[in-house]
There are 2 protein chains.
Amino acid sequence: MIPQDALSELASMLGERLSTGKSDLDLHGRSETYHAPMPPEAVVYPDTTEEVSRIVAICARHGVPVVGWGTGTALEGHGSAPRGGVTIDFRRMDKVLEVVPEDMLVRVQPGVTRESLNTELRATGLFFPVDPGANASLGGMAATRASGTTAVRYGTMADQVRALEVVLADGRIIHTGTRARKSSAGYDLTRLFVGSEGTLGLMTELTLRLWGQPEAVSAAVCGFDTTDGAIDAVITAMQMGLTPARIEYVDVATVRILNAADGAALPERPHLLLEFHGTEEAVAAEAARFGDIAAEHGGGAYAWATQAEDRSRLWSMRHRAYHTILATRPGATAVVTDVCVPISKLGEAIMRAAADIHASGLDGPILGHVGDGNYHAILLVDRDDPDEIAEAKRLSDAMVAHALDLGGTATGEHGVGFGKLHLMEAEHGAAWDVMGALKRALDPDGLMNPGKLVRQN
Amino acid sequence: MIPQDALSELASMLGERLSTGKSDLDLHGRSETYHAPMPPEAVVYPDTTEEVSRIVAICARHGVPVVGWGTGTALEGHGSAPRGGVTIDFRRMDKVLEVVPEDMLVRVQPGVTRESLNTELRATGLFFPVDPGANASLGGMAATRASGTTAVRYGTMADQVRALEVVLADGRIIHTGTRARKSSAGYDLTRLFVGSEGTLGLMTELTLRLWGQPEAVSAAVCGFDTTDGAIDAVITAMQMGLTPARIEYVDVATVRILNAADGAALPERPHLLLEFHGTEEAVAAEAARFGDIAAEHGGGAYAWATQAEDRSRLWSMRHRAYHTILATRPGATAVVTDVCVPISKLGEAIMRAAADIHASGLDGPILGHVGDGNYHAILLVDRDDPDEIAEAKRLSDAMVAHALDLGGTATGEHGVGFGKLHLMEAEHGAAWDVMGALKRALDPDGLMNPGKLVRQN
């Protein structure tokens, strides 16, 4: 329970920007996936870094947990409040503070979403490439080290964040990183906070790298005779040094759903969805090379989309796929897997996952960012059927165990939250204790997003 | 003083691989630059991770400092032993343990040098791109977050290290990272250890990313009417999205020295040395675009080197430049600056540095990795003249202060060691205290490379 004193202090600072209404609390306890709701006891809507600092300091003084909130699109319960406390919703801190085209950088508040940033950048010739599908906040994306379809060419959030302003567990405000392209000046704190899921501090400003809008863009869909063939084509393309901006796999089950629900009109085969960025010549050359590779692996004719609106329809369909798949079973929720394996092991991992899902009897279409070795099974379950949820979690854990055997990771881009907490010891061994030691060093009272990412008493 | 018990334990484990001979100690106390020698009290030469773990555990039990040593080419006193203790020389741990061409990875011991790795990789079609000039050890390069001429295209050591085995301050062995291309599974410990200069633990194995040998390589030298013109050409090229593999600036003083000492036969003008990697078409296209940019900024005709041996002569001359410059003043040593600024500020930073050096009367040729905004002044000083050393340090500190004003960093690639320790508070502010808290969390007794990187009592 938040002490009344703490609530009063917060209320006197924030007025109506402190909320304890049930609907607001419920909204901030919800998860996009199967996790049970865990609402906070209060939600605050700060406007400035200074306010975040004061909120966190008040919470620290009173022993109140603090959870950061962007758009609520995290998949592993990152934003929920299992120990109650205060959720800091960053929606009002949504300003693009400074665009620095000459250094290809932008400074933003954490509540800016990736789409609103790109809208603002449109006239500059620059863009922000990371695209996890959801229109997530940039603070949330950095906190979970998000990536998505374009990471295969542009890297993940970790590769874009040049500098941070962070409010620490005691309310101190620090600045990490610089605007230079590289630095050897001590521990890479920027990288430590990126992916720390709000457990070490809260980002209140981010300086992000921008990229030049590509001169030419070309997208394609390509069906394959077999899953093996599609995956082998990806492996070959990556090993040959092709640099697609996107190279996405969708299995037959996903294709059927997209055809039925979204009018995709694709042949009922496993498909790759691709996009190439670059000069006209480079795009043409890469597309031709990929065409040869695809043909050698049972790929059919390419269907090309060089018009912006055709591409936009394609990727919008891909981004909606999670919700389209969910909608095939009314009232269902999902356990979403997220393993990432070395590229050479991708076929082995996906084939085993597909066989396990088939044997379980659950529906679990597979799709993913296969150029990175990262894919998801959307395991559909009845939220009120504990046996189905248990079976889906068993499948997910088996995929993780296999991925770890293959030299991969339990989560390529969704993060740990509390949904993958039980897998961290298997993945990291004694290194997980080191993460715990770092957590205790920066948050000795364990108030920053408690119950997530690290082992905590 | 190392307690006799500790020495006996080490001797019984290591036999002749424990050395306390004066010449060996002196060798491990030396610096490549102006820093006074600070030898350890003993040097050990382990063969295995297990031995490193036992050595560190013995030292921990007896309160003995531990310093890691690669090839001794660090520039800021990283390998010196200001508090005595044991230096662990990794020269015997020099095995390439596993090449994984299908995932473009290699697993190495820390004592493997970058040149020996590339020799071993030659037949695979892959190579390791990071090139700091010196034939440094890969462990040392990771520990200082080294980069060099090729970082502008391939990134720094931070971008290449996929996974680590680390011996912690208490002797525990941990593994960080995976073989997957990305992961969101908790704090990025790999990135925390890269650049930590042996102050948090010692790397005993590194899994590194490899790259395909480029189909075509082309190098060029290009003289400019003015420094401004050369730097503006770099800024324009980077802002237009060119991706040179190398784009190096050498000032007129450096050109004169290379002409006199190395037979460079270059016109006495500021020069850019360039290299492009890619397909034949991409290399030709980038080179042509750069030619246009250079011409607009007072650049002369390109001299092209497409033959491997011509290129090799060019880069070998560039890599020798530090020692060639040193040799122009017999008996001199150097204070080597290493600021890195946002690319748009590069001209401003270099012009001010050149003016300050000129005003000081010291010799200080300027050269650097300008595509990254990183450059060095080689300030030549008499090792026995405290006034000259003080003046060079004053110049270096002024360059850092200016770089910080411009949004840059005190060190782009050399690291902190103890030579840049006094600048860390100005660069990081309260974030430096956070580094100190992390240090205390992982090395509570302050025995790992003490006196470097963080504030320590």
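Residues numbered from 1 in each chain as written. Chains lettered and ligands numbered in written order. Predicted model: local features only at pLDDT ≥ 70, side-chain atom pairs only at ≥ 80, totals over all residues. Heavy atoms only, no water.

- Named according to an unreviewed UniProt entry, chain A is D-lactate dehydrogenase (cytochrome) originating from Jannaschia donghaensis.
- Check the Cofactor (unreviewed entry) section of the UniProt entry for chain A; it says "FAD". (UniProt positions renumbered as here; feature names shortened; annotations may be inferred.)

## Details of the overall build of chain A
1) Next: Along chain A, the regular secondary structure elements total 16 helices and 18 strands.
2) Next: Seen through its C-alpha atoms, chain A measures out along the principal axes to roughly 70 × 55 × 40 Å.
3) Next: For chain A, the proportion of its 457 residues judged to be buried stands at 61%.
4) Next: Residue pairs at least 24 apart in sequence account for 71% of intrachain contacts in chain A once pairs closer than 6 positions are excluded.
5) Next: On chain A, roughly 16,100 Å² of surface is accessible, and the fraction owed to carbon and sulfur atoms is 50%.
6) Next: Distance from the positive charge centre (40 side chains) to the negative charge centre (60 side chains) of chain A: 3 Å. (Helix = DSSP H or I, 4+ residues; strand = E, 2+ residues; numbered from the N terminus. Buried < 20%, exposed > 50% of the residue type's maximum accessible area, 1.4 Å probe, protein only. Contact = heavy atoms within 4.5 Å. Areas by Shrake-Rupley, 256 points an atom, 1.4 Å probe, with all protein chains shown as cover. Lys, Arg positive; Asp, Glu negative; His and termini not counted. Charge placed at Lys NZ, Arg CZ, Asp CG, Glu CD.)

## Remarks on the environment of proline 444 of chain B
1) Next: Looking at where proline 444 of chain B falls in the secondary structure, it is placed in the segment after helix H16 (430-442).
2) Next: For the pair proline 444 of chain B and leucine 200 of chain B, spaced 244 residues apart in sequence, the C-alpha to C-alpha distance is 9.9 Å.

## Quick look at the sheet that holds strand S2 (residues 42-44) of chain B
All names here are of chain B.
1) Next: Strand order in the open sheet formed by four strands is S1-S2-S4-S3, and the pairing between neighbours is mixed. With one partner strand each, in any of the chains shown, strand S1 (18-19) and strand S3 (66-69) form the two edges of the open sheet.
2) Next: Bridge count between S1 and S2: two bridges; the pairing is antiparallel. Bridging across to S2, serine 19 finds its partner in valine 43.
3) Next: Where helix H3 (residues 49-62) meets the sheet, it contacts S2, S3 and strand S4 (86-89), and its direction lies at approximately 170° from that of S4. (Pairing = 2+ DSSP bridges. Axes fitted to C-alpha atoms, helices over the stretch in contact; angles between N-to-C directions.)

## Examining the relation of the copies chain A and chain B
1) Next: Note on the copies: chain A fits chain B at an RMSD of 0.0 Å, the axial shift is 0.0 Å, and the rotation between them is 180°. What the rotation and shift describe, once combined, is the action of a two-fold rotation axis.
2) Next: Here 100% of the interface residues in chain A have copies in chain B that are interface residues too; the copies meet face to matching face. (Least-squares fit on C-alpha atoms with pLDDT ≥ 70 in both.)

## Quick look at the pattern of salt bridges
All names here are of chain B.
1) Next: Taken as a whole and judged by the stated rule, the model has 64 salt bridges over all chains.
2) Next: Two residues, arginine 320 and aspartate 262, come together in a salt bridge whose shortest N-O distance is 2.8 Å. Taken together, the residues arginine 320 in helix H12 (residues 308-326) and aspartate 262 in helix H10 (residues 252-262) connect sequence positions 58 residues apart.
3) Next: In this structure aspartate 262 comes out as partly exposed when scored by relative accessible area, which is 23%. (Salt bridge = Lys/Arg side-chain N within 4 Å of Asp/Glu carboxyl O.)

## Side note on the domain arrangement of chain A
All names here are of chain A.
1) Next: Domain annotation of chain A identifies domain 1 (4-89), domain 2 (96-211), domain 3 (214-326) and domain 4 (329-438).
2) Next: Of note, the centres of domain 2 and domain 3, computed from C-alpha atoms alone, are 28 Å apart.
3) Next: The interface of domain 2 with domain 3 comprises nine residues on the first partner and ten residues on the second.
4) Next: Carbon and sulfur atoms make up 58% of the area that domain 2 and domain 3 hide from each other, which totals about 840 Å².
5) Next: When the buried area of domain 2 at its contact with domain 3 is split by residue, Thr149, Val152 and Arg153 rank highest and sum to 62% of it. (Domains from an automatic or database assignment. Buried area = accessible area lost by both parts, 1.4 Å probe.)

## Examining the packing of helix H1 (residues 4-14) of chain B against H3 of chain B
All names here are of chain B.
1) Next: H3 packs onto H1 with a crossing angle of 170° between their chain directions and a minimal axis gap of 9 Å. With respect to each other, H1 and H3 are oriented roughly antiparallel. Contacts between H1 and H3 pair Asp5, Ala6, Glu9, Leu10, Met13 and Leu14 from the former with Glu51, Arg54, Ile55, Ile58, Arg61 and His62 from the latter.
2) Next: Residue composition of the contact of H1 with H3, grouped by class: six nonpolar, one polar and five charged. (Parallel < 35°, antiparallel > 145°, perpendicular 65-115°, else oblique. Nonpolar A, V, L, I, M, F, W, Y, C, P; charged D, E, K, R; others polar.)

## Side note on the interface of chain A and chain B
1) Next: On the chain B side, the residues contacting the 69 residues of chain A number 69 residues.
2) Next: Across the interface of chain A and chain B, roughly 5,400 Å² is buried in total on both sides, 59% from carbon and sulfur atoms.
3) Next: Counting the surface chain A buries against chain B, the share from its top three residues, Lys182, Ser184 and Tyr187 of chain A, is 18%.
4) Next: Seen at the junction of chain A and chain B, the total is eight salt bridges.
5) Next: Among the salt bridges present, the one from lysine 182 of chain A reaches aspartate 372 of chain B, with a minimum N-O distance of 3.6 Å.
6) Next: Looking at the side of chain A that touches chain B, the elements that each hand over two or more residues are helix H6 (151-154), strand S9 (173-177), helix H8 (189-193), helix H9 (227-239), helix H15 (424-428) and helix H16 (430-442) of chain A.
7) Next: Among the residues making up the side of chain A that touches chain B, the classes are represented as 29 nonpolar, 25 polar and 15 charged.

## As for unusual backbone geometry
All names here are of chain A.
1) Next: Even without glycine at this site, alanine 265 takes up a positive phi of about 55°.
2) Next: Mapping alanine 265 onto the fold places it in the loop between helix H10 (252-262) and strand S14 (271-278).
3) Next: We classify alanine 265 as exposed; its relative accessible area is 70%.
4) Next: Residue asparagine 449 is not a glycine yet carries a positive backbone phi of 45°.
5) Next: Structurally, the position occupied by asparagine 449 is in the segment after H16.

## What about the UniProt feature "domain: FAD-binding PCMH-type" (unreviewed entry) in chain A?
1) Next: As annotated by UniProt and renumbered to match this structure, "domain: FAD-binding PCMH-type" (unreviewed entry) occupies residues 35-213 of chain A.
2) Next: In residues 35-213 of chain A, helix accounts for 23% and strand for 26%; the two terminal C-alpha atoms are 38 Å from one another.

## Some words on the sheet that holds strand S18 (residues 374-382) of chain B
Residue and element names in this part refer to chain B.
1) Next: The strand order S15-S12-S14-S13-S17-S18-S16 describes an open sheet built from seven strands, whose pairing is antiparallel. Edge positions in the sheet fall to strand S15 (303-305) and strand S16 (332-336), since each has one partner strand and no second. Going across the sheet, the axis of each strand differs from the next one's by a mean of 20°, ignoring polarity.
2) Next: Strand direction decides the pairing type here: strand S12 (residues 216-223) and S15, joined by three bridges, are antiparallel. Residue pairing for S15: valine 221 is matched across the bridge by alanine 303.
3) Next: Contacts between H10 and the sheet are confined to strand S13 (246-250), strand S14 (271-278) and strand S17 (366-369), with S13 contributing the most and set at about 90° to the helix.
4) Next: Contacts between H12 and the sheet are confined to S12, S13, S14, S15, S16, S17 and S18, with S12 contributing the most and set at about 50° to the helix.

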